[in-house]
Amino acid sequence: MASGSSDDWRSPTDDEWDALEELGDEGTWEMAGTEVRLSSLDKELLPAIDERPEVTKGDLVRHVAGFAPQFEHYLADRAVNLLRVPDGLDGDSFWQQAVPQGAPEWVRRWQDPEATGRQAHDRVVVDGTASLVWLAQMAAVELHPWTSSVTSPDVADYALVDIDPGEDTTWEDSLTLARLFRTALAELDLVGCPKVTGKRGLQIWVPAGGDAGFDDTSRFVEQLSRHVGGIVPELVSWRWRTDERQGKARLDYTQNARHKTLVAPWSVRAAPGGPVSVPIGWDELDDEDLRPDRWCVADVAARFESAGDPFAALVGVTQELPDL
DNA sequence: GCAGGTT
DNA sequence: AACCTGCAACGCATT
DNA sequence: AATGCG
């Protein structure tokens with residue numbers, strides 16, 4: 001069954017924002033008819049760094065609520081893995097795939113019919129703003145959705161290019177690699193879009209064909225990556241072990257697998273200052289101010305206001321990924 | 001962050 | 001009542 | 001079979 005109406009994914013109204021403000025550090029927030037229990041909103045989850053302020057739980061709540069309409073495109077009908085940081089970066093952080101115990105009954109769940117053993121648990125499927133806010137209350141800083149939807153868990157919706165910098169990879173090297181993918185995709189007449197990860201790397205998301213399996217997307221990204229790597233062999237290593245890569249970048253096509261996830265567009269990263277994974281236009285690869293952690297919780301709303309969501313161009317696109 | 005178990 | 005603990009796991013490559 | 005890797 002598809003998720004609810006897009007009203008479920010709307011940003012808060014002015015009245016709802018005011019109500020959140022009035023809670024102070026703790027209370028129950030009614031968002032689009034759903035009550036979410038919030039606590040420790042003033043608690044620091046991510047520390048300040050340089051000019052960037054600390055990120056509190058309240059800041060995270062405001063971020064996910066404000067970006068809910070964008071999150072819908074990448075989270076609706078998908079299981080999501082969580083990186084939770086309840087006690088900040090100095091405390092214990094942990095990954096979670098199962099629905100957290102004590103989750104409200106209105107949180108949507110999905111059990112992978114092919115799961116066995118330890119995987120056979122209910123997973124969280126975010127179905128609107130209230131769910132996003134509850135996840136923020138759970139201190140789920142990073143949201144990593146599946147590439148496939150729960151309605152067709154074996155159909156890959158995107159082919160994912162992961163440019164993973166090595167020890168000696170400069171930002172300019174990463175940009176060189178991204179530009180080569182830009183050229184290759186243009187020559188193939190394929191639509192795709194890059195985003196900065198908020199950490200060190202870049203990813204490129206390429207919509208797949210609606211009936212593509214993970215073997216198809218994996219093969220396509222491997223072939224494309226080997227083509228790109230062949231042009232600049234001095235920048236790319238195909239060695240498996242990190243200590244044999246000579247500091248070079250890895251083009252990690254193995255992310256194209258059923259249970260693997262990449263950080264969602266607009267997700268905060270668990271790092272000081274709260275950097276955000278932000279979709280960019282291809283031409284921004286040539287912007288000398290671009291950085292992998294260019295935007296953070298404090299300034300990403302302004303970025304969205306001026307540039308919108310370049311990934312919107314990918315929504316609903318289906319295209320055949322050729323054999324190269 | 002929170003449930004569940006242990007001291 | 002205070003404290004402690006768990007909270008992910010797939011596919012590929014190499015040894 | 002076990003480990004490294006993301």
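The structure presented is a predicted model; accordingly, all values stated were derived computationally and were not measured. (Residues numbered from 1 in each chain as written. Chains lettered and ligands numbered in written order. Predicted model: local features only at pLDDT ≥ 70, side-chain atom pairs only at ≥ 80, totals over all residues. Heavy atoms only, no water.)

Colleague: Go over the sheet that holds strand 5 (residues 80–84), please, and point to the residues and values.
Modeller: What the 3 strands build is an open sheet, ordered 6-5-9; its pairing is antiparallel. At either margin of the open sheet sits one strand with a lone partner, and together these are strand 6 (94–96) and strand 9 (140–145). Each neighbouring strand pair of the sheet contributes to a mean axis angle of 25 degrees, computed without reference to strand direction. Where strand 5 and strand 9 come together, 5 bridges link them in antiparallel fashion. Bridge assignment links Leu83 to a residue of strand 9, and that residue is Glu142. (Pairing = 2+ DSSP bridges. Helix = DSSP H or I, 4+ residues; strand = E, 2+ residues; numbered from the N terminus. Axes fitted to C-alpha atoms, helices over the stretch in contact; angles between N-to-C directions.)

Colleague: So what about the packing of aromatic side chains? Which residues, and what values?
Modeller: Taken as a whole and assessed by the stated rule, the structure comprises 9 aromatic pairs. Measuring from centroid to centroid gives 4.9 Å for Phe67 and Trp266, while their planes differ by 20 degrees, and the two rings are stacked. Pair noted here: Phe67 is in the loop between helix 2 (57–66) and helix 3 (68–75) and Trp266 is in the loop between strand 13 (250–251) and strand 14 (278–279), with a separation of 199 residues, a long-range link. When sorted by exposure, Phe67 lands in the same class as Trp266, which is buried. Residues Trp110 and Trp146 carry aromatic rings whose centres are separated by 5.4 Å and whose planes lie at 90 degrees to one another, so their mutual orientation is edge-to-face. Highlighted residues: Trp110 in strand 7 (residues 108–110) and Trp146 in the loop between strand 9 and strand 10 (158–164), separated in sequence by 36 residues. (Phe/Tyr/Trp six-rings, centres within 6.5 Å; stacked < 30°, edge-to-face > 60°. Buried < 20%, exposed > 50% of the residue type's maximum accessible area, 1.4 Å probe, protein only.)

Colleague: Give me the protein's contact with DNA strand B: which residues, what numbers.
Modeller: Taken together, Ser40, Lys43, Lys57, Arg84, Pro86, Phe94, Gln101, Gly102, Gln137 and Met138 make up the full set of residues near DNA strand B. Restricting attention to atoms of DNA strand B within 4 Å of the protein, one finds that 60% of them are sugar or phosphate atoms. Pro86 is positioned such that a nitrogen or oxygen atom in its backbone is 2.7 Å from a phosphate oxygen of DNA strand B. Taken together, the residues that form the surface near DNA strand B break down as 3 nonpolar, 4 polar and 3 charged. (Near = heavy atom within 4 Å. Polar contact = N/O pair within 3.5 Å; in protein donor to acceptor, adjacent residues only side chain to side chain. Nonpolar A, V, L, I, M, F, W, Y, C, P; charged D, E, K, R; others polar.)

Colleague: Account for empty space enclosed by the protein, naming residues and giving values.
Modeller: Evaluation of the coordinates by the stated rule reveals 1 cavity of 30 Å³ or more. Space inside the largest cavity adds up to approximately 70 Å³. Lining the largest cavity are Tyr74, Arg78, Pro145, Trp146, Thr147, Tyr158, Leu160, Trp205 and Leu262. Of the residues in the lining of the largest cavity, the class split is 7 nonpolar, 1 polar and 1 charged. (1 Å grid on protein atoms, 1.4 Å probe; cavity = no way out; pocket = protein on both sides within 12 Å on 5 of 7 lines; lining within 4 Å. Points joined across faces, edges and corners; volume = space filled by probe spheres on them.)

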